[in-house]
Amino acid sequence: MSDLIRQPAAVLAAAIASREVTAVEVTQAHLDRITTVDEQVHAFLHVTTESALAQARSVDLRIAAGEQLGPLAGVPLALKDVLAMKGEPTTAGSRILEGWRPPYDSTVVERLRAADIVILGKTNMDEFAMGSSTEHSAYGPTHNPWDLDRIPGGSGGGSAAALAAFEAPLAIGTDTGGSIRQPASVTGTVGVKPTYGGVSRYGQIALASSLDQPGPCARTVLDTALLHAAIGGHDPMDSTSIDAPVPGVVEAARRADVQGMRIGVVKELGGDGYQAGVAQRYAEALEVLQGLGAEIVEVSCPHMEYALGAYYLILPSEASSNLARFDGMRYGLRAGDDGQRSVEQVMSITREAGFGSEVKRRIILGTYALSSGYYDAYYAQAQRIRTLITRDFDAAFAKVDVLVSPTAPTTAFRLGEKLDDPIAMYLNDVATIPVNLAGICAMSLPVGLAPEDGLPVGFQIMAPAMADERLYLAGAALEAALVDEWGHHLIEEAPAL
Amino acid sequence: MTTTAGTDVYLPFEDAIERYEPIFGIETHVELGTRSKMWCGCSTAFGAEANTHVCPVCLGLPGSMPVVNRTAVESTIRIGLALNCTIADWCRFARKNYFYPDMPKDYQISQYDEPLCFDGYLDVTVATEDGPTVVRVEIERVHMEEDTGKLTHAGGSTGRIHGADYSLVDYNRAGIPLIEIVTKPVLGTGALAPEVARAYVSELRDVMRALGVSDVRMEEGSMRCDVNLSLNRPGDGWGTRSETKNVNSLRSVERAVRSEIQRQASVLDSGGRVVQETRHFNEDTGRSTSGRSKEQAEDYRYFPEPDLMPVAPDREWVEQLRAGLPELPSVKRARLMGEWQISEFELQTLANAGAIDLVEATIAIGVEPSAARKWWTGELLRVANDRGLELESLKVTPADIKHVEQLIAGGALNDKLARQVFEGLIAGEGAVDEIVAKRGLAVVSDDGALLAAIDEALAAQPDVAEKIRSGKVQAAGAIVGAVMKATRGQADAAKVRSLLLERLGVDEQ
């Protein structure tokens, strides 16, 4: 088998299972690729070469012994650095966790290991997943493989870039307001935010607990589904995890059928503020779906316009509390402890030195929003809006099977372009945030390149909670039609690195 | 002159009560006796090596998440039911945010405006001049939370974090299920306030023990009380309250209320103003010292805990738990009054002494009720009070009482010698038989030895001997006393008396 790094995960897994290639060969090929290109891309913060090869060897030995392994056994994966991995650096992109090695595995990592998926390393991200460009990483930005001067999206820019740069065929992201989908959108890859509670959060360093959700990323819809099935399902360690079987995502991805499906176009997510090329590719994709037998209807979700405001109260509030534990007392950075200063002073100096500006901005916002006397006006009010948005989705899903929108208003912007304008940065997630507020599921998949800049455009599909399979049913159908039209996956058009 | 803090000389209690009306409330933290912690499977056992009963969850490591201990929820509901509370259909945990090194997450998972149990009461009985009086203490709420780690401050003089050279944290205690029971303000108890406060905590402790939800050992900190107290002049509005922490025995509860009434009265009397503050009770001095001022109330930024699902106890489950409640202390006391044939006053004395269970256990193994009561509320309670200890923490068991009683019945010991045996037990000198042997405690029953002692006493007091011979039998006491003294109490006084009269040929009148 040639060009191991460009193969989909499903193909690699089959080749490994049939002993056409070894897991070690596949892993080594990706490690070599990382060595070659990651200096330019900077997708990885830490490469776990030894443990990856050890995992791959174990897969090969067991296959040689005739053992039947899982459907992704031996396939390499890039893990977002926000998930705890025992004994390996886990920083969440922050200086404050530099040097910390968790003594435990997150549930996602446990399940990856159980599925014999080979973990190549930890990927770069905006600090504590706060951002849409990966520029807020304390360890420097990641570059978009389509154009190294552009952002790979965020917060999971490292995971998306690793896929787009062929450094890994699979990746794990986490999505609090779009951190899986927006990077997928701007890198021409696929990403899914599962239903809240569909994938365990245990071991994910929390940003906003009521919004956070780990999910699968890949270059094809089927690969994404296979990974989703591997990591999903109930976890007794996460009280918010759904106690129900994982939706039939793999079967849905294989069926790839929108015949008779009612697809709702969200009126409020489109139009003004969306880049022309984005709007164009989005409209074309809708035509493709219609051509495949779907019924396209326009639906209104009138409270969507308040989503961003509500999100930027709820997220900072929860984050201000979740990030309190980084106080220099037990792990990670401790600054200013000269033996004279008080515990409060050391905590304060440590947090001043360890957190970046965006993190501090949100901690201050959240602390303020939760303060006595302001709680009702901010946090409680935001929760009311959240309820209204959930009701909007409920009403819409009473009429249609899935909802669609562009994933992001624009293609990848230039590094530094929005760094000094937090509001412009926040607006990037206007179409992805409502999904997290309502706890439903959504996918982003590539639907072409914007004519004006030649950069990937993402298409978002949203489905009701616990109906994740609908994403794959529609996404796989659309992907198949587009691949048919283009003669290849869009990612093949990415420039060589 | 005005003062805001306090004065060294407090107003006498009687004067304070004459001028001011005390209003108090008690917050009690009880560590539940679950085997595992509130959010994880770590052991709750007391006394293990520091930081050995810990895991990513109770250490609050990044990424870890809590899972509610169902037994803790069950215990809390049972406590709520026993305290006549309403059990919420639906409630949530909340985060109480503040930075402190004993808090692994820098927030405590607690409950805020949605407690699991609310609006209950506990009736307590106190002795008054007019006989036993029942006071209803209303319960505001019973809620669940987690304990913090334990800080040890090394160096410095105060044992407090400020001024310490360094501090050590033991997270074994972090995440142990804790419930907080908060009373409504208790009004109208006047001079009885200290007794009511003590009786409430004592009754609460007995309820916990009857439920079997906690070992409620105040000296180990598994039950801890904070006393809120304010004074107002009759007719005026409520005064400013102080919160006295570290009140860790029944006796301290009573003393803390009493001394805080006196302290605040002294401040008010000298024209000062009571400061809203936290105070620390000192067991040695029986007084409290000023802690941090709460004038600028700390903002805990409570919000619903997003990592946990709401608690929505099934009604059927609650009713099952209600049906399964054990006999509660007040009911039990009514029963025991009948069984033991004692007055409410006597029973209340037993209850306030924390002696009911001990007496019951002693009777259960075959000791006469009167003897069981006599030992626990007589000699043993006196020793406990002298030493500022709880009765149960003396090293005397119901089995010891039985053993001693058997020795008395067999004539080997008398009451006076038995007291020495208990003294030995409390001093840790060993088991009953060992103490009897080591201390050489035995009733002298050898007639020859007793007669020799009697003759000696008669010879020493010939005038008394003459009186007895002439029929003044009541004078025999002096000779009996002398014989008892000569035998160091190890004789049976009745026997000495009959031998004496026989010796002198006088009949008992």
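Residues numbered from 1 in each chain as written. Chains lettered and ligands numbered in written order. Predicted model: local features only at pLDDT ≥ 70, side-chain atom pairs only at ≥ 80, totals over all residues.

**Q** An account of the overall build of chain B is needed here, citing residue identities and associated values.
**A** Check the secondary structure of chain B and you find 16 helices and 14 strands. Considered along the principal axes of its C-alpha atoms, chain B spans approximately 90 × 60 × 50 Å. Counting over 509 residues, chain B shows a buried share of 42%. For chain B, restricting intrachain contacts to residue pairs at least 6 apart in sequence, the fraction spanning at least 24 positions comes to 70%. (Helix = DSSP H or I, 4+ residues; strand = E, 2+ residues; numbered from the N terminus. Buried ≥ 20, exposed ≤ 12 C-beta atoms within 10 Å, placed from the backbone. Contact = placed C-beta atoms within 7 Å.)

**Q** Residues and numbers for the nonpolar core, please.
**A** With 166 residues, the main nonpolar core has A:Leu77, A:Leu120, A:Ala225, A:Leu226 and A:Ile461 as its most contacted residues. In this view, A:Leu120 contacts A:His30, A:Leu31, A:Ile34, A:Val47, A:Thr48, A:Ala52, A:Pro76, A:Leu77, A:Ala78 and A:Ala168; residues no more than four positions away in its chain are not counted. Listed in part, the 75 residues of the second largest apolar core include B:Phe24, B:Val54, B:Ala193 and B:Val201. (Core = buried A, V, L, I, M, F, W, Y, C linked by C-beta atoms within 7 Å.)

**Q** Quick rundown of the interface of chain A and chain B? Include the residues and the values.
**A** If you look at the interface, chain A gives 33 residues, while chain B gives 26 residues. Contributing elements (two or more residues each) for the side of chain A that touches chain B: helix 10 (307-322), helix 11 (343-354) and helix 12 (357-370) of chain A. Of the residues in the side of chain A that touches chain B, the class split is 15 nonpolar, 12 polar and six charged. (Nonpolar A, V, L, I, M, F, W, Y, C, P; charged D, E, K, R; others polar.)

**Q** Before we move on, could you go through the domain arrangement of chain B and cite the residues and values that matter?
**A** Residue and element names in this part refer to chain B. For chain B, the assigned domains read domain 1 (13-316), domain 2 (353-430) and domain 3 (447-504). The C-alpha centroid of domain 2 is placed 33 Å from the C-alpha centroid of domain 1. Counting residues at the interface gives six residues for domain 1, matched by five residues for domain 2. When contributions to the side of domain 1 that touches domain 2 are tallied by element, the ones reaching two or more residues are helix 3 (193-211) and helix 4 (250-269). For the side of domain 1 that touches domain 2, a count of residues per class yields one nonpolar, two polar and three charged. (Domains from an automatic or database assignment.)

**Q** Describe in detail the sheet that holds strand 4 (residues 107-110) of chain B, supporting the description with residues and values.
**A** Residue and element names in this part refer to chain B. Strand order in the open sheet formed by three strands is 4-3-14, with antiparallel pairing between adjacent strands. The open sheet has two edge strands, strand 4 and strand 14 (303-304), and neither has a second partner. In this structure, strand 3 (residues 94-97) lies alongside strand 14, joined through two bridges in antiparallel fashion. When the bridges of strand 14 are listed, Arg95 appears paired with Phe303. (Pairing = 2+ DSSP bridges.)

**Q** Please provide a residue-by-residue account of the environment of A:Leu207, values included.
**A** Residue and element names in this part refer to chain A. Here Leu207 lies in the loop between strand 5 (190-193) and strand 6 (214-218). By the C-beta count within 10 Å, which is 27 here, Leu207 ends up buried. The spatial distance from the C-alpha of Leu207 to the C-alpha of Phe128 is 6.2 Å, given a sequence separation of 79 residues. Sequence-distant contacts of Leu207, that is, excluding residues within four places in its chain, are made with Phe128, Ala129, Met130, Thr176, Asp212, Ala319 and Asn322.

**Q** So, unusual backbone geometry: which residues are in play, and what are the values?
**A** Among all residues except glycine, the phi angle is most often negative; among peptide bonds, the trans geometry is most common. Residues and elements named next belong to chain A. A cis geometry characterises the amide bond from Gly154 onward to Ser155, with omega recorded as 10 degrees. Inspection of the secondary structure assignment puts Ser155 in the loop between strand 3 (118-123) and helix 5 (157-164). The backbone of Ala256 sits at a positive phi, close to 45 degrees, despite the residue not being glycine. As for its position among the elements, Ala256 is in the loop between helix 8 (249-255) and strand 7 (262-266).

**Q** For helix 15 (residues 476-486) of chain B, give the residues involved together with the corresponding values.
**A** All names here are of chain B. Every buried residue of helix 15 is listed here: Ala476, Ile479, Val483, Met484 and Ala486. Across the axial projection of helix 15, the buried residues extend over an arc of 160 degrees, all falling on one side. Those residues of helix 15 that are buried are in contact with helix 13 (447-460), helix 14 (462-469) and helix 16 (493-504). At the exit of helix 15 stands Arg488, carrying a positive phi of roughly 50 degrees. (Arc of directions from axis to C-beta.)

**Q** An account of the packing of helix 15 of chain B against helix 16 of chain B is requested, with residue identities and associated values reported.
**A** All names here are of chain B. Following both chains from N to C, one finds helix 15 and helix 16 inclined at 125 degrees, their axes separated by 10 Å at the closest point. Taken together, the axes of helix 15 and helix 16 lie oblique to each other. The crossing of helix 15 and helix 16 is right-handed. From helix 15, Ala476, Ile479, Val480, Val483 and Met484 reach across to helix 16, where they touch Ala493, Val496, Arg497, Leu500 and Leu501. Here the contact of helix 15 with helix 16 is composed, by residue class, of nine nonpolar, no polar and one charged. (Axes fitted to C-alpha atoms, helices over the stretch in contact; angles between N-to-C directions. Parallel < 35°, antiparallel > 145°, perpendicular 65-115°, else oblique. Left-handed = near helix turned anticlockwise from the far one by under 90°.)

**Q** Account for the packing of helix 10 (residues 398-409) of chain B against helix 11 (residues 415-426) of chain B, with residues named and values stated.
**A** Residue and element names in this part refer to chain B. At a minimum axis separation of 10 Å, helix 10 and helix 11 run at an interaxial angle of 150 degrees. By the criterion of interaxial angle, the relationship of helix 10 to helix 11 is roughly antiparallel. Taken as a pair, helix 10 and helix 11 cross one another with a handedness that is right-handed. Contacts between helix 10 and helix 11 involve Asp400, Val404 and Ile408 from the former and Asp415, Ala418, Val421 and Leu425 from the latter. For the contact of helix 10 with helix 11, the residue count by class is five nonpolar, no polar and two charged.

**Q** Hey, could you go over helix 7 (residues 221-231) of chain A for me, with residue numbers and the actual values?
**A** Residues and elements named next belong to chain A. Taking burial as the measure, the 11 residues of helix 7 include 11 buried ones, the bulk of the element. Burial in helix 7 covers these residues: Val221, Leu222, Asp223, Thr224, Ala225, Leu226, Leu227, His228, Ala229, Ala230 and Ile231. Residue Gly233 follows helix 7 closely and has a positive phi angle near 105 degrees.

**Q** Residue-level account of the sheet that holds strand 2 (residues 76-80) of chain A, with values.
**A** Residues and elements named next belong to chain A. On the basis of which strands lie adjacent, the open sheet formed by 11 strands has the order 1-3-2-4-6-5-10-11-9-7-8 and mixed pairing. Two strands bound the open sheet, and with one partner strand each, they are strand 1 (44-47) and strand 8 (295-299). In this sheet, adjacent strand axes meet at a mean angle of 30 degrees when their direction is disregarded. Sheet topology places strand 2 next to strand 3; five bridges connect them, and they run parallel.

**Q** Give a detailed account of the pairing of strand 10 (residues 223-232) of chain B, specifying residues and quantitative values.
**A** All names here are of chain B. The buried fraction of strand 10 amounts to seven of the 10 residues, a majority that puts the element mostly inside the structure. As paired elements, strand 1 (residues 21-31) and strand 10 share 10 bridges and run antiparallel to each other. The residue bridging Val30 from the neighbouring strand is Met223, located in strand 10. As paired elements, strand 10 and strand 11 (residues 242-247) share four bridges and run antiparallel to each other. If you follow Asn228 over to strand 11, its bridge partner there is Glu243.

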